[in-house]
Amino acid sequence: MTPDPRDELVEHLGSMRAFAMSLTRNSALADDMVQDALVKAWSNIDRFEKGTNMRAWLFTILRNTYYSHHRKRKREVEDIDDELAGQLAQKPDHDGRLQMRDFNTAFDQLNDEQREALVLVGAGGFSYEEAAETCGVAVGTIKSRVNRARSRLTELMEMDEDEPIEATDGVTVGVVATSRSAA
Amino acid sequence: MERNLKRAYEDVAQQELPSRFTDLLAQLKDADAKTARNTDAASEASDDA
């Protein structure tokens, strides 16, 4: 008797939650999303080709769930955050450095496509080809998103080291403009 | 840099699963079993199709 692929689902739950977190950046939304994806996966299990990569299949379902539904909810949560971020950007703290040193904060600045590409390849153990298939784009697109994500993160995290002690208006305006365009 | 990313990812991936997920899987399995029994009963009752 062949093993039921549905029995394998539970093994992937941890990674599904991790991937969902990287998209939603909110654990409540992430868990809701995983729940929805799980139900979808279960009811569509006959579409899963045995012997192929189940994790990739599950992640594809997760992403679709995110982009079709949960992304809107995330925006509602984010609108409030954006206002605060805008205020923070205009007021550097005491030594003139902007508050972007934290990796998580920098990561938040990436757009959805960059975050998912970076997480799949950099943490999820996907090859570029697998990531491309999961995201429904060409391999070249994934590569450029990953590269862009990496250079953006480096930029954001190095910013406070290169900056002079007193941020000039030019620097502040430049940074704010850059971070807004990433949204 | 990517160490941060991996650490953040693994932290969530290794966490103990909230019971809502394992409960859900159990529920889904249950529902399926019931459907299967009903389907079997129905196909025994009518021999066509």
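Everything that follows concerns the structure shown earlier in this document.
What you see is a predicted model, and the numbers here were worked out from it, not measured in a lab. (Residues numbered from 1 in each chain as written. Chains lettered and ligands numbered in written order. Predicted model: local features only at pLDDT ≥ 70, side-chain atom pairs only at ≥ 80, totals over all residues. Heavy atoms only, no water.)

Caption draft 1: Inspection of the overall build of chain B at higher detail. The helix and strand tally for chain B stands at 2 helices and 0 strands. Taking all 49 residues of chain B together, 16% fall into the buried category. Of the roughly 3,800 Å² that chain B leaves accessible, carbon and sulfur atoms contribute 47%. (Helix = DSSP H or I, 4+ residues; strand = E, 2+ residues; numbered from the N terminus. Buried < 20%, exposed > 50% of the residue type's maximum accessible area, 1.4 Å probe, protein only. Areas by Shrake-Rupley, 256 points an atom, 1.4 Å probe, with all protein chains shown as cover.)

Caption draft 2: Summary view of the packing of aromatic side chains. Residue and element names in this part refer to chain A. Scanning the model with the defined rule gives 5 aromatic pairs over all chains in all. Seen from their ring centres, Y66 and Y67 are 5.1 Å apart, and the 70° between their planes marks the pair as edge-to-face. For Y66, a relative accessible area of 0% puts it in the buried group. Looking at Y67, the relative accessible area reads 22%, which means it is partly exposed. Centre to centre, the rings of F103 and F107 are 5.7 Å apart; their planes meet at 20°, and the pair counts as stacked. Here the residue F103 and the residue F107 both occupy positions in helix α4 (residues 103-109), the gap between them amounting to 4 residues, near one helical turn. One aromatic cluster is present, formed by F19, F59 and F126 through successive ring pairs. One residue, K143, lies across the ring of Y128, its end atom 5.4 Å from the ring centre. (Phe/Tyr/Trp six-rings, centres within 6.5 Å; stacked < 30°, edge-to-face > 60°. Lys NZ or Arg CZ within 6 Å of the ring centre and 35° of its normal.)

Caption draft 3: Spotlight on the environment of F59 of chain A. Structurally, F59 of chain A can be placed in helix α3 (residues 54-90). For F59 of chain A, a relative accessible area of 1% translates into the label buried. Taking the C-alpha atoms as reference points, F59 of chain A and S15 of chain A, 44 residues apart in sequence, are found 8.9 Å from one another. Sequence-distant contacts of F59 of chain A, defined by excluding residues within four places in its chain, comprise S15, M16, F19, L120, F126 and T134 of chain A together with Y9 of chain B. (Contact = heavy atoms within 4.5 Å.)

Caption draft 4: Examining the interface of chain A and chain B more closely. Tallying the contact residues gives 30 residues for chain A and 20 residues for chain B. Buried area between chain A and chain B, both sides added, is near 2,400 Å², and the carbon and sulfur share of it is 70%. Summed over the three residues of chain A that lose the most area to chain B, namely R17, W42 and F103 of chain A, the buried surface amounts to 26% of that side. Summed over the shared surface of chain A and chain B, the number is 3 salt bridges. (Buried area = accessible area lost by both parts, 1.4 Å probe. Salt bridge = Lys/Arg side-chain N within 4 Å of Asp/Glu carboxyl O.)

Caption draft 5: Seen up close, the environment of S27 of chain A. When you line up the elements, S27 of chain A lands in helix α2 (residues 27-43). Each C-alpha atom, one on S27 of chain A and one on K143 of chain A, is 28 Å from the other, the two residues being 116 residues apart in sequence.

Caption draft 6: Structural detail: α2 of chain A. Residue and element names in this part refer to chain A. Taking 1.5 Å of rise per residue, 17 residues should cover 24 Å, and α2 covers 24 Å from first to last C-alpha, within 8% of that figure. Turning to α2, its buried residues number three or more, namely L29, A30, D31, M33, V34, A37, L38, A41 and W42. The N-capping residue of α2, defined by a side-chain oxygen 3.0 Å from the backbone nitrogen of A28, is N26. (Expected span 1.5 Å × (residues − 1). Polar contact = N/O pair within 3.5 Å; in protein donor to acceptor, adjacent residues only side chain to side chain.)

Caption draft 7: Structural detail: the pattern of salt bridges. Residue and element names in this part refer to chain A. Under the defined criterion, the tally for this structure stands at 9 salt bridges over all chains. Notably, a salt bridge pairs D31 with R17, separated by 2.9 Å at the nearest N-O pair. Highlighted residues: D31 in helix α2 and R17 in helix α1 (residues 9-24), separated in sequence by 14 residues. As far as burial versus exposure is concerned, D31 and R17 are alike and both buried. Notably, a salt bridge pairs D108 with R25, separated by 2.5 Å at the nearest N-O pair. One end of the pair, D108, is in helix α4; the other, R25, is in the loop between α1 and α2, and 83 residues separate them in sequence.

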